[in-house]
Amino acid sequence: MTVTTDDQQRQVEDELVQTVLASFRNAPDPRLKQLMEALVRHLHAFLREVRLTEAEWQHAIDFLTAAGHITNDNRQEFILLSDVLGASMQTINMNNEASAGATEATVVGPFFVEGSPEIPLGGDMAFGAPGEPCWVEGTVTDTDGNPVPGTRLEVWEADEDGLYDVQYDDGHTAGRAHLYTDDQGRYAFWGLTPTPYPIPHDGPVGRLLEETGRSPLRASHLHFMATAPGLRTLVTHIFVEGDQLLDSDAVFGVKDSLVKRFERQAAGTPTPDGRDLPGQSWSRVRFDIVLLPEPSPDRSK
């Protein structure tokens, strides 16, 4: 039987896939071997499905190179790329299954920074960042409803101009802090009423969004990270009820259970802790956090 040109081409491509897969056959780490083999299969399937041109391949290399050049200690363009492709959120979905009424997880985002300042209960994490004050309170419990005292809560957010402190050039710290729950698992602090803002779009990821007709805007939100011994670390954030961007968040991070009512308070309304806010409106929100038990080491087996 005569072999057609199409058959010959398919055979050449198939043989290359098998050769690349075989190159990992002696990988000593079984998980790494599994990951690399799956990556090769899916990557080659993508290349063959779209019949990628050499010019398009070079464009992709240039894109990744640009992402590397713009990445630094304060900006992670590859996390941003993962976010806008939904890869970050899908990884979180797979590794944080909804269970037993526990608080759902969502993306950490590119602006978490270690070493935030500690504030007391009722303290102000804004540190002078511009925006409307917001009183945030709640409890941290386990899935049996027991309070979790001493939970470390990292909180961070953008100011009313849509910028995180690390996006400024002066090195100041604002809009981020950590605090600990009391002996009844309660917490409270002052932050800022969240407002919508664009993810950084002055780099390659921003150009990708522009060329594909997508908005860089994120729905208004406030970040949390909750850490307590014996319980699974939770990275999440809460969103503002009524925000028009809830259905079009640039990084697909919105979950219905994380949409909360931020109640606006008119200027002159007494604050929960007696803080004096002359002539200034403020808001308040409650967010009760439920943490899952720490997974067992053999969970993946």
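Residues numbered from 1 in each chain as written. Predicted model: local features only at pLDDT ≥ 70, side-chain atom pairs only at ≥ 80, totals over all residues. Heavy atoms only, no water.

Along an α-helix, residues three or four apart share an orientation, since each turn contains 3.6 residues. Spanning 21 residues, helix α2 (residues 30-50) covers 30 Å between terminal C-alpha atoms, matching the ideal 30 Å at 1.5 Å per step. Taken as a whole, α2 has its buried residues at E37, V40 and H44. Taken down its axis, α2 places every buried residue within 60 degrees of arc, on the same side. Along α2, exposed side chains directed more than 90 degrees from the buried face belong to R31, H42 and E49. Those residues of α2 that are buried are in contact with α1 (5-22). A side-chain oxygen of the first residue of α2 lies 2.9 Å from the backbone nitrogen of R31; this N-cap is D29. (Helix = DSSP H or I, 4+ residues; strand = E, 2+ residues; numbered from the N terminus. Expected span 1.5 Å × (residues − 1). Buried < 20%, exposed > 50% of the residue type's maximum accessible area, 1.4 Å probe, protein only. Arc of directions from axis to C-beta. Contact = heavy atoms within 4.5 Å. Polar contact = N/O pair within 3.5 Å; in protein donor to acceptor, adjacent residues only side chain to side chain.)

This next bit is on empty space enclosed by the protein. One pass over the structure, following the stated rule, counts three cavities of 30 Å³ or more. As a volume, the largest cavity reaches approximately 110 Å³. What lines the largest cavity is a set of 14 residues, among which N96, A102, T103, L234 and L292 lie closest to the centre. Looking at the lining of the largest cavity, its residues break down into seven nonpolar, four polar and three charged. (1 Å grid on protein atoms, 1.4 Å probe; cavity = no way out; pocket = protein on both sides within 12 Å on 5 of 7 lines; lining within 4 Å. Points joined across faces, edges and corners; volume = space filled by probe spheres on them. Nonpolar A, V, L, I, M, F, W, Y, C, P; charged D, E, K, R; others polar.)

Further remarks concern the nonpolar core. Core analysis: the biggest nonpolar cluster contains 43 residues, and V136, Y187, F189, F224, I289 and L291 have the highest contact counts within it. Looking at this core, the element that brings in the most residues is strand β8 (residues 234-240), giving four residues. V136 has contacts with Y187, A188, F189, L222, F224 and V285, leaving out every residue within four places of it along the chain. In terms of nonpolar packing, the next biggest core, distinct from the first, is built from eight residues, F111, Y197, M225 and V235 among them. (Core = buried A, V, L, I, M, F, W, Y, C linked by side-chain atoms within 4.5 Å.)

Moving on: the packing of aromatic side chains. If you walk through the whole model with that rule in mind, you get nine aromatic pairs. Between W135 and W190, the ring centres sit 5.3 Å apart and the planes meet at 65 degrees, which makes this aromatic pair edge-to-face. Remark: W190 occurs in strand β4 (residues 186-192) and W135 occurs in strand β1 (residues 133-142); sequence separation between them is 55 residues. Within the aromatic cluster, the residues linked to one another by ring pairs are Y187, F189, F224 and F287. (Phe/Tyr/Trp six-rings, centres within 6.5 Å; stacked < 30°, edge-to-face > 60°.)

Among all positions in helix α4 (residues 77-84), only E77, L80, L81, D83 and V84 are buried. Down the axis, α4 shows its buried residues gathered within 160 degrees of arc, on one side only. Buried-residue contacts for α4 involve α3 (54-70), α5 (87-95) and α6 (204-211). Sitting at the head of α4, Q76 places a side-chain oxygen 3.0 Å from the backbone nitrogen of F78. Among the residues trailing α4, G86 stands out with phi positive, at a value near 80 degrees.

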